[in-house]
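# Survey of secondary and tertiary structure
Listed below are the residues making up each chain.
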Amino acid sequence: MEQFGNLHAVLWDMDGVLLDSQAAHFIAFREVLAKYDFQVLDSVFKPTFGMTNEQVIRHVSGERFTDEEVETICREKDEKFRVVIAKEAVLMAGVEHWLTEFKKNGVRQALASSGSRENIYTILDALKARPYFDVVVSGEDCASKPDPAVFLRAAGQLDVDPSACLVIEDSIAGIQAAAAAGMKCLAVTTTYPREKLPRTDLILPGLNGLTAEMLAALFKV
């Protein structure tokens, strides 16, 4: 771990970080909402990326649906999403290298996503990525981003101080959650351009541009 300074744990977001799942989410939302005679453009969906299903539906539809309908739509959307993503899941450039590098160097790793547990494990199995993670925390377990709960829970389960954690995120809500948790954050511009993201510790186009020297500078001993 010495080559990464005082970095002890990496908390990965999933959608937009491990893989590009945005299109699959939008396809699933559109197809399910069409059954309810409700149409939403991708441009309306995009700002919701990183939220829970319920938050997305409330955001795009307001008071259109009852609580019972929202629950049904969430379930149907996830079922559709899992079918789509199981066929399409591919790790983004640089991700496998850093998953392997962190594991090899004793840096603990957690997946901390707003997604449901079933979605998370479907994706991890499709990517063959389960063995890399010591802990998995779902948005079902606690308040969703930008609340820091998902990251703080992951750090607690890893028994690592938040100040020694690096969050890897792509969403505005996720970056805000990392800051609220008192953690360093690496943001990748896979979902939003740099100018749309909140100020954070490090912003890169993708993980293939990350170096050990960058991490050591972030986590100076």
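In this report, we go over the structure that sits alongside the text. Starting from 1, residues in each chain are numbered consecutively following that chain's sequence as written. Given that the model is predicted, a residue must reach a pLDDT of at least 70 before its local features are reported, and side-chain atom pairs must reach 80 or more before they are shown or counted; all residues, however, enter totals for whole chains, interfaces and linings. The basis for every side-chain value is the complete set of heavy atoms in the structure, and neither hydrogens nor water enter the calculation.

## Looking at the environment of Asp13
As a reminder of what qualifies: For the purposes of this entry, the term helix denotes a DSSP run of H or I that reaches at least four residues, the term strand denotes a run of E that reaches at least two, and both are numbered from the N terminus. To sort residues, take the accessible area from a 1.4 Å probe on protein chains only and compare it with the maximum for the residue type: under 20% means buried, over 50% means exposed, and anything in between is partly exposed. By the convention used here, residues are in contact when the closest approach between their heavy atoms is within 4.5 Å. The definition of a polar contact used here is a pair of N or O atoms within 3.5 Å, where within protein one atom must be able to donate a hydrogen and the other to accept one, and adjacent residues in sequence count solely through side-chain atom pairs.
For Asp13, the position within the fold is in the loop between strand E1 (9–12) and helix H1 (22–35). The exposure class of Asp13 is buried, given its relative accessible area of 6%. C-alpha separation for the pair Asp13 and Lys145, spaced 132 residues apart in sequence, amounts to 11 Å. Excluding its chain neighbours within four sequence positions, the residues that come into contact with Asp13 are Leu18, Leu111, Ala112, Ser113, Lys145, Ile168, Glu169 and Asp170. Reaching out from Asp13, the side chain makes a polar contact with the side chain of Lys145 at a distance of 2.9 Å.

## Details of the environment of Gln55
Assignment of secondary structure puts Gln55 in helix H3 (residues 53–61). Taking C-alpha positions, Gln55 is 11 Å from Ala143, a pair spaced 88 residues apart along the chain. In this structure, Gln55 is in contact with Ser144 and Lys145, ignoring residues within four places of it in sequence. Among the polar contacts made by the side chain of Gln55, one reaches the side chain of Ser144 at a distance of 3.4 Å.

## Digging into the pairing of strand E3 (residues 135–138)
Here is the rule: Should DSSP find at least two bridges between two strands, the strands are taken to pair. Orient the strands so they point away from the viewer; a crossover is then right-handed if the path from the first strand over the helix to the second runs clockwise.
As defined by bridge partners, strand E2 (residues 108–113) adjoins E3 across four bridges and the pair is classed as parallel. By the bridge assignment, Ser113 is partnered in E3 with Ser138. Taken together, E2, helix H6 (residues 117–127) and E3 form a β-α-β motif whose crossover is right-handed.

## Observations regarding H3
How we decide: It is the directions from the helix axis to the C-beta atoms that the arc portrays.
Looking only at H3, the buried set comprises Asn53, Val56, Ile57, Val60 and Ser61. Looking down the long axis of H3, one finds its buried residues gathered within 100° of arc, a one-sided arrangement. Contact partners of the buried residues in H3: H1, helix H2 (42–45) and helix H4 (67–88). Immediately beyond the C-terminal end of H3, within one or two residues, lies Gly62, with a positive phi of roughly 60°.

## What about the side chain of Thr52?
You can see Thr52 is positioned in the loop between H2 and H3. Classification of Thr52 as buried rests on a relative accessible area of 16%. Filtering out sequence-adjacent residues up to four positions away, Thr52 remains in contact with Ser114 and Ser144.

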